[in-house]
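Observations on the three-dimensional arrangement
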Amino acid sequence: MSTSGARPARKAVIPVAGMGTRFLPATKAVPKELLPVVDRPALQYIVEEAARAGLPEVLMVTGRNKGAIEDFFDSTPELETALEKKGDAARLDAVRSSTDIAQVHFVRQGEAKGLGHAVLQAAAFVGDEPFAVLLGDDLIDARDHLLEQMLAVQAEHGGSVIALLDVGMENIDKYGAVAVEPGGQPALDGDEVVTVTGLVEKPPVDEAPSSLAIIGRYVLSPQIFDVLRETEPGRGGEIQLTDALATLVARGEPVHGVVFSGRRYDTGDKLDYLKAVIRLAAERDDLGPALRTWLHEFVSELPAEGASPA
Ligand code: G1P
């Protein structure tokens, strides 16, 4: 029996106010969310993922210097007319489809007081319904259906659902870490469903409850807003979404976890970003064959680890 009022989530919230310091100087003038992954901004993949999962209403929580994101999701009549005149149907289609993916709305965060504070800015947009939160740095391969599974778990069991990944104890201090119990629910698409019994934001390794980390997908009960309003600043002096979820658990509200077993790239990390670009390009019909041929040659000529390139 659903405890969510049986209304499925229809809206997605994407916080995009982060400063992108890991990609400076590129992000001095370009929001990190617009850095290209092959030929599409990272953020376009995220909006496409939301739309694919049946969430056509998207709210972006923005900050200063993020005007280019609003421009990107606006229509571009002059560009479209120019492409039309040239008869460039393929590029015209690429331009139009990037703006037609979803109904995108914007709200400003004002002060950057943390992820929990960013999510709280979505309260009026969301209303009294469960909703999804997608973090822009986590890119989930389009062939994996993590968000769809999380929405299905929420529709079936109510409460909130978070995406989890085993990142190993050596990496857990960069994430929200969780304690879980087996959920007693069947696995979906190979992904295990568990019950979350505790959460802690970026714990020191010796205080981490497990090596299971929250990755950037959440389906949240609207009760989270009341909790966030009362949540004191936590790690880093910021209002943490993880702390609000811990309060929900402590109050006996169900929080489920879907342990992801598919392909995820952290495009906020330089090495992972490069891997995402190469992997996605190598699998494309247009670029793939030539890139794969070149990659084979390139790899065969690479000096052994530790030696410097010729
Ligand atoms: C945020 C969350 C953290 C989560 C992470 C996933 O941290 O606070 O709990 O594990 O996203 O990417 P951030 O990466 O914004 O510091």
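Residues numbered from 1 in each chain as written. Predicted model: local features only at pLDDT ≥ 70, side-chain atom pairs only at ≥ 80, totals over all residues. Heavy atoms only, no water.

As for the site of the ligand
Contacts to the ligand come from L115, L135, D138, Y175, G176, E201, K202, I214, Y218, Q240 and T242. One of the side-chain nitrogen or oxygen atoms of D138 is found 3.0 Å away from an oxygen atom of the ligand. One of the side-chain nitrogen or oxygen atoms of T242 is found 3.2 Å away from an oxygen atom of the ligand. Against a free-state accessible area of 380 Å², the protein chains account for coverage of 74% of the ligand. (Near = heavy atom within 4 Å. Polar contact = N/O pair within 3.5 Å; in protein donor to acceptor, adjacent residues only side chain to side chain. Areas by Shrake-Rupley, 256 points an atom, 1.4 Å probe, with all protein chains shown as cover.)

Considerations on the pairing of strand β10 (residues 192-201)
Judged from the 7 bridges that link them, strand β9 (residues 176-182) and β10 form a sheet pairing that is antiparallel. Its bridge partner being in β10, P182 is matched across the sheet by V194. Judged from the 4 bridges that link them, β10 and strand β12 (residues 255-259) form a sheet pairing that is antiparallel. Bridge pairing links V193 to V258 in β12. (Pairing = 2+ DSSP bridges. Helix = DSSP H or I, 4+ residues; strand = E, 2+ residues; numbered from the N terminus.)

A word on the packing of helix α8 (residues 223-230) against helix α9 (residues 241-250)
With their axes 9 Å apart at the nearest point, α8 and α9 run at an angle of 115 degrees to one another. As judged from the angle between their axes, α8 and α9 are roughly perpendicular. Note on packing geometry: the crossing formed by α8 with α9 is right-handed. Listed contacts from α9 to Q223, I224, V227 and L228 of α8 are L241, A244, L245, T247 and L248. (Axes fitted to C-alpha atoms, helices over the stretch in contact; angles between N-to-C directions. Parallel < 35°, antiparallel > 145°, perpendicular 65-115°, else oblique. Left-handed = near helix turned anticlockwise from the far one by under 90°. Contact = heavy atoms within 4.5 Å.)

Topic: the pattern of salt bridges
Across all of its chains, the model carries 17 salt bridges by this definition. Here R264 and D138 are joined by a salt bridge, their closest N and O atoms 2.6 Å apart. Separated by 126 residues along the polypeptide, R264 in strand β13 (residues 264-266) and D138 in strand β7 (residues 138-140) bring together distant segments of the chain. Each of the two residues, R264 as well as D138, counts as buried. Note that D286 and R284 form a salt bridge whose closest N and O atoms lie 2.8 Å from each other. A cluster of three or more residues bridged by salt bridges with shared partners is formed by R22, K32 and D137. (Salt bridge = Lys/Arg side-chain N within 4 Å of Asp/Glu carboxyl O. Buried < 20%, exposed > 50% of the residue type's maximum accessible area, 1.4 Å probe, protein only.)

Re the nonpolar core
Counting 40 residues, the largest nonpolar core has I14 and M60 as its most contacted members. Secondary structure elements with two or more residues in this core: β1 (11-15), α1 (42-52), β4 (57-62), α2 (67-73), β6 (131-134), α7 (146-157), β8 (160-166) and β11 (212-220). Among the elements that line this core, the one with the most residues is α7, at 5 residues. Every residue in contact with I14, bar those within four places of it in the chain, is listed here: L43, I46, V47, V58, L59, M60, V61 and L134. The next biggest cluster of nonpolar side chains, apart from the first, holds 35 residues, and it includes V61, L120, F125 and V126. (Core = buried A, V, L, I, M, F, W, Y, C linked by side-chain atoms within 4.5 Å.)

A word on the confidence of the model for the protein chain
Taken residue by residue, the protein chain gives an average pLDDT of 90. The fraction at 70 or more is 95%. Mean pLDDT across the elements of the protein chain bottoms out in helix α4 (residues 89-100) (79) and peaks in β6 (98). Per-residue pLDDT stays below 50 along residues 1-5; that stretch engages in 12 contacts with residues further than four places along the chain or on separate chains. (pLDDT = per-residue confidence, 0-100.)

Comments concerning the packing of aromatic side chains
Evaluated as defined, the whole model comprises 4 aromatic pairs. Ring plane angle 70 degrees and centroid distance 5.2 Å describe the contact between F23 and Y273, whose orientation is recorded as edge-to-face. Placement of F23 in the loop between β1 and β2 (36-37) and of Y273 in helix α10 (residues 270-282) is noted, with a sequence separation of 250 residues between them. Arranged with centres 4.8 Å apart and planes meeting at 15 degrees, the rings of W294 and F298 form a pair that is stacked. Linking W294 with F298, this pair stays in helix α11 (residues 288-301), spanning 4 residues, or about one helical turn. For W294, a relative accessible area of 43% corresponds to the partly exposed category. When its relative accessible area of 38% is taken as the criterion, F298 is described as partly exposed. When the ring centre of F125 is taken as reference, the NZ or CZ atom of K11 above it lies at 5.1 Å. In this arrangement the basic side chain of R40 is found over the ring face of Y45, its NZ or CZ atom lying 4.2 Å from the centre. (Phe/Tyr/Trp six-rings, centres within 6.5 Å; stacked < 30°, edge-to-face > 60°. Lys NZ or Arg CZ within 6 Å of the ring centre and 35° of its normal.)

Some points on the pairing of β11
Burial analysis of β11 places 9 of its 9 residues in the buried class, which makes it a mostly covered element. In this sheet, β11 lies alongside β6 in antiparallel orientation, the contact comprising 4 bridges. Its bridge partner being in β11, A132 is matched across the sheet by V219. Pairing of β8 with β11 involves 6 bridges; the strand directions are antiparallel. By the bridge assignment for β11, L164 is matched with I214.

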